[in-house]
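What follows is each chain in one-letter form.
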Amino acid sequence: MLKTNRAKLPIQSVAGMVWHPRMTQAGRTTIEGKVVYLPGTGGITYNAKIGDNCIDWAADHLEPGVSIRHKEDMHNNALQILACIGNEAIVRSGDAKGARGFVTGKHGGCDHVILHFDEETLEKLDIDDKIMVKAVGQGMTLTYYPDITLRNVSPMLLDKMNILETGGKLSIGVAKRVPAAVMGSGLGTVLTAGGDYDICLFDDETNEKYGLKDLRFGDIVAIENADTRWGRSYRTGACTIGVVVHGDCVISGHGPGVTTLLTSNLPLIEPFIDADANLANYFV
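Here is what the cut-offs are and how they apply
Residues numbered from 1 in each chain as written. Predicted model: local features only at pLDDT ≥ 70, side-chain atom pairs only at ≥ 80, totals over all residues. Heavy atoms only, no water. Helix = DSSP H or I, 4+ residues; strand = E, 2+ residues; numbered from the N terminus. Rg over C-alpha atoms; globule rule 2.2 N^0.38 Å. Buried < 20%, exposed > 50% of the residue type's maximum accessible area, 1.4 Å probe, protein only. Contact = heavy atoms within 4.5 Å. Areas by Shrake-Rupley, 256 points an atom, 1.4 Å probe, with all protein chains shown as cover. Lys, Arg positive; Asp, Glu negative; His and termini not counted. Charge placed at Lys NZ, Arg CZ, Asp CG, Glu CD. Phe/Tyr/Trp six-rings, centres within 6.5 Å; stacked < 30°, edge-to-face > 60°. Lys NZ or Arg CZ within 6 Å of the ring centre and 35° of its normal. Polar contact = N/O pair within 3.5 Å; in protein donor to acceptor, adjacent residues only side chain to side chain. Patch = residues over 30% accessible without salt bridge, like charges linked within 9 Å, V, L, I, M, F, W, Y side chains within 5 Å. Salt bridge = Lys/Arg side-chain N within 4 Å of Asp/Glu carboxyl O. Pairing = 2+ DSSP bridges. Axes fitted to C-alpha atoms, helices over the stretch in contact; angles between N-to-C directions.

K.L.:
Any chance you could explain the overall build of the protein here in plain terms?
P.N.:
Looking only at helices and strands, the protein has five helices and 19 strands in total. Expected size for 284 residues packed as a compact globule is a radius of gyration near 19 Å; at 18 Å, the protein falls within 12% of this value. When each of the 284 residues of the protein is scored for burial, the buried share is 57%. Here the analysis covers contacts within the protein between residues at least 6 apart in sequence; of these, 70% occur between residues at least 24 apart. Of the roughly 12400 Å² of accessible surface on the protein, 50% is carried by carbon and sulfur atoms. With 27 positive and 34 negative side-chain charges, the protein shows a separation of 8 Å between the mean positions of the two kinds.

This is the structure we're talking about:
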């Protein structure tokens, strides 16, 4: 087990409501200039779950499971920042009251937190049901690796990930390697303690080389030469380990979203391929 300051991390309640999907009448304009109308963010998605392919849906920015948000912006900021991947989520109202799930993603722009619940709970949930998250993880540090920054990762997830200590570096199991050159929406923000940025899948050669058409919701991935400590930048030798939180997109500059888990601007993270590196294998 990696040594951290977890004993000093507060566990704090944050909450949101199951958030209704939002759309505009203008639809979405694809990279080929076509206007389409597709399901996307928000609501309860019954048939898309962590572990499923996130590419082949008739959808745009699809969020698997349950999407929550708080109606007050400052409260939603706390939910977005403090909730960490793997944190426990508890239904506090409605027919599913008392059911428990966990956080699987944080989606910037719409500012949703994404949750997994079992199928029985999904059938009982309703729009506006209140869900509390037992938030813990932000502020966690690695005692012996001060140059590796943790973002949005709970102690529970860190313990389940396939991480080996090798000569002053961390070797981390990932489902896919992703070149930083294809990263898009989410660049330019200084906030990485929340939200995500997107893998653009419009280049067939890159998709084939890295196997990106097989990406799944919940995959742990390595973005090579990406520094996402205080924003998102291309930097040779850097590496970001993240989790795929939403599905593919038709809009230029967008694609499956990745929320940062670990990152360093130095060559201290060495990813290796592990087909089991997915939240579904860790928690379900």
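Structure shown, so let's carry the discussion forward.
K.L.:
Can you walk me through unusual backbone geometry in this structure?
P.N.:
Both trends apply: most residues other than glycine have a negative phi, and most peptide bonds are in trans. A positive phi angle, near 80 degrees, is found at Asp 128, a position not held by glycine. For Asp 128, the position within the fold is in the loop between α2 (119-124) and β9 (130-135). Its identity is not glycine, yet Asn 225 carries a phi of approximately 65 degrees, on the positive side. Position of Asn 225 among the secondary structure elements: in strand β16 (residues 220-227).

K.L.:
Which parts of the structure should I look at to understand the packing of aromatic side chains?
P.N.:
Aromatic rings considered in pairs are described by the distance between their centres and by the relative angle of their planes. If you walk through the whole model with that rule in mind, you get one aromatic pair. For the cation-ring pair, Arg 151 lies above Trp 230, with the distance from its terminal atom to the ring centre recorded as 4.4 Å. Across the ring face of Phe 283, the terminal group of Lys 160 is positioned such that the distance to the ring centre comes to 5.4 Å.

K.L.:
Any chance you could explain the environment of His 61 here in plain terms?
P.N.:
Examined against the element boundaries, His 61 turns out to sit in the loop between β4 (44-45) and β5 (65-69). Residue His 61 is classed as buried on the basis of its relative accessible area of 6%. Taking the C-alpha atoms as reference, His 61 lies 9.4 Å from Leu 38; in sequence the two are 23 residues apart. Non-local contacts of His 61, meaning those with residues more than four positions away in its chain, are made with Arg 28, Gly 40, Thr 41, His 107, Asp 198, His 246, Gly 247, Asp 248, Cys 249, Ile 251 and His 254. A distance of 3.0 Å separates polar atoms of two side chains, one belonging to His 61 and the other to His 254.

K.L.:
Before we go on, may I ask you to explain a positive patch on the surface in this structure?
P.N.:
Residues Arg 92, Lys 97, Lys 130 and Lys 134 make up a contiguous surface patch of positive charge. Relative to the helices and strands, Lys 130 resides in strand β9. A relative accessible area of 43% places Lys 130 in the partly exposed class.

K.L.:
For this particular structure, what's the right way to read the sheet that holds strand β12 (residues 169-174)?
P.N.:
Sheet strands pair via backbone hydrogen bonds, and the direction of the pair is either parallel or antiparallel. Strand order across the open sheet formed by three strands is β11-β12-β19, with mixed pairing between neighbours. On the outer flanks of this sheet lie β11 (163-166) and β19 (269-273), each paired with one strand and no other. Mean inter-strand twist for the sheet, computed between neighbouring axes without regard to direction, equals 25 degrees. Bridge count between β11 and β12: four bridges; the pairing is antiparallel.

K.L.:
What is the right way to read a nonpolar patch on the surface from this model?
P.N.:
Taken together, the side chains of Met 23, Val 35 and Tyr 37 define a hydrophobic patch exposed on the protein surface, amounting to about 350 Å² of accessible area. For Tyr 37, the position within the fold is in the loop between β3 (35-36) and β4. Judged by its relative accessible area of 53%, Tyr 37 falls in the exposed class.

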